[in-house]
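The primary structure of each chain is shown beneath.
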Amino acid sequence: MAGISACIVVRNEEKFVRRCLENIKGVVDEIVVVDGQSTDSTVEICRQYTDRIFFRKPQGFANPDYQFAIEQATQEWVLVIDADELLSDEILASLRDLASTDVYAAYAFPRRNYYDQAGLKWTSHVAYPDYQVRFSRQDSILYTGQIHETPQVKGKTKFLDDKYYMIHLVPGSYEFKDFKSHYIRFAKIQARQEGLSRSRPMYFLKAFSDFVWTLNENLIRKKGYKDGAAGLCATFMFASYNFLVSWYKATGQSAK
């Protein structure tokens, strides 16, 4: 039977990390933690679940450390999960069976995003199914360190149906204070990483078209208005983020 390593990248995640580790501890053979120099109790909490903790200088977002975590894994299959995520009961019960295949190198789970403050209601239209490639053979997946990247998979990826879902607990992430402290910085990083594929003046036009396209995609085509206030706020956040990526390209700004 194939072994499973869980890989988690953390920095100041004391609010969420215990719940995540409790969720997965019974279905994996190993937990690998990469910590970005946390200043809260994150590391102390993680030590209660694993002694395989590695420390790396934070780079402002987690993606550069995913590959490092995978390379430390000793099992045949790896589960990449963030501190604010959980696996549904259906995934937990099926993880070993999924790892027994000779057909697929990776699996993508649909992810439910809980944007409401109470963490009780997920947006079933906006940004759904939000597929995440998170379970794969250890030697078949590659993260290149790009922000918001979809990892490269060597082999076939199976996209699982709705009952095999992940839970993403992000209450208040669409609020202005969080948008200002996280997403504006992320947009600058993404703009720098993507570089220029057209003239800068054209990115001014693209910024506005990206904003309108995102609103239409989530509110109209996906009927995001049915998700209520959380769906409207999340859609505006996504649209603003896409606008900023092109805007920073147009103005020549980049992440420091």
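Below, the structure is looked at part by part.

Cut-offs used in this document
Residues numbered from 1 in each chain as written. Predicted model: local features only at pLDDT ≥ 70, side-chain atom pairs only at ≥ 80, totals over all residues. Heavy atoms only, no water. Helix = DSSP H or I, 4+ residues; strand = E, 2+ residues; numbered from the N terminus. Rg over C-alpha atoms; globule rule 2.2 N^0.38 Å. Buried < 20%, exposed > 50% of the residue type's maximum accessible area, 1.4 Å probe, protein only. Contact = heavy atoms within 4.5 Å. Areas by Shrake-Rupley, 256 points an atom, 1.4 Å probe, with all protein chains shown as cover. Lys, Arg positive; Asp, Glu negative; His and termini not counted. Charge placed at Lys NZ, Arg CZ, Asp CG, Glu CD. Phe/Tyr/Trp six-rings, centres within 6.5 Å; stacked < 30°, edge-to-face > 60°. Lys NZ or Arg CZ within 6 Å of the ring centre and 35° of its normal. Core = buried A, V, L, I, M, F, W, Y, C linked by side-chain atoms within 4.5 Å. Pairing = 2+ DSSP bridges. Axes fitted to C-alpha atoms, helices over the stretch in contact; angles between N-to-C directions. Salt bridge = Lys/Arg side-chain N within 4 Å of Asp/Glu carboxyl O.

Here we look at the overall build of the chain
- When its secondary structure is counted, the chain shows seven helices and twelve strands.
- The C-alpha atoms of the chain give a radius of gyration of 19 Å, which matches the 18 Å a tight globule of 256 residues would have.
- Along the longest, intermediate and shortest principal axes, the C-alpha atoms of the chain span 55 × 40 × 35 Å.
- When burial is assessed residue by residue, the chain has 52% of its 256 residues classed as buried.
- For the chain, the proportion of contacts with a sequence separation of at least 24, taken over those separated by at least 6, is 75%.
- A total of about 12,600 Å² of accessible surface is found on the chain, and carbon and sulfur atoms cover 52% of it.
- Averaging the coordinates of the 33 positive side-chain charges in the chain and doing the same for the 31 negative ones gives two points 7 Å apart.

Let's talk about the packing of aromatic side chains
- Considering all chains together, one arrives at 16 aromatic pairs under this definition.
- Among the aromatic residues, those joined into a ring-pair cluster are Phe204, Phe208, Phe211, Phe236, Phe243 and Trp247.
- The ring of Tyr165 has Arg112 lying over it, and the distance from NZ or CZ to the ring centre is 3.7 Å.
- The side chain of Arg198 reaches across the aromatic face of Tyr203, ending 5.4 Å from its centre.

Brief notes about the nonpolar core
- Counting 40 residues, the largest nonpolar core has Ile8, Ile31, Leu79, Leu95, Phe109 and Phe135 as the members making the most contacts within it.
- In terms of nonpolar packing, the next biggest core, distinct from the first, is built from 21 residues, Val126, Phe186, Ala187 and Ala230 among them.

Points about the sheet that holds strand E12 (residues 166-169)
- Read from one edge to the other, the open sheet built from three strands follows the order E5-E12-E7, with strand pairing classed as mixed. Looking along the sheet, the strands with just one partner apiece sit at the ends: strand E5 (85-87) and strand E7 (111-114). With direction set aside, neighbouring strand axes in the sheet form an average angle of 20°.
- With respect to the sheet, helix H1 (residues 17-24) is in contact with E5 and E12, its orientation differing from that of E5 by roughly 15°.

Structural notes on the pattern of salt bridges
- With the rule as written, the count across this model stands at 14 salt bridges.
- In this structure, Arg137 and Glu76 form a salt bridge, with 2.5 Å as the shortest nitrogen-oxygen distance. Here Glu76 lies in the loop between helix H3 (63-72) and strand E4 (77-80) and Arg137 lies in strand E8 (residues 132-137), a separation of 61 residues in the sequence.
- When its relative accessible area of 15% is taken as the criterion, Arg137 is described as buried.
- The partly exposed category is assigned to Glu76, whose relative accessible area is 41%.
- Across the salt bridge formed by Arg112 and Asp162, the nearest N and O atoms sit 3.3 Å from each other. Of this pair, Arg112 sits in strand E7 while Asp162 sits in the loop between strand E11 (157-159) and E12, and the two are 50 residues apart along the sequence.
- Exposure remark for Asp162: the relative accessible area of 37% places this residue in the partly exposed category.

These figures come from the coordinates and say nothing about function on their own.
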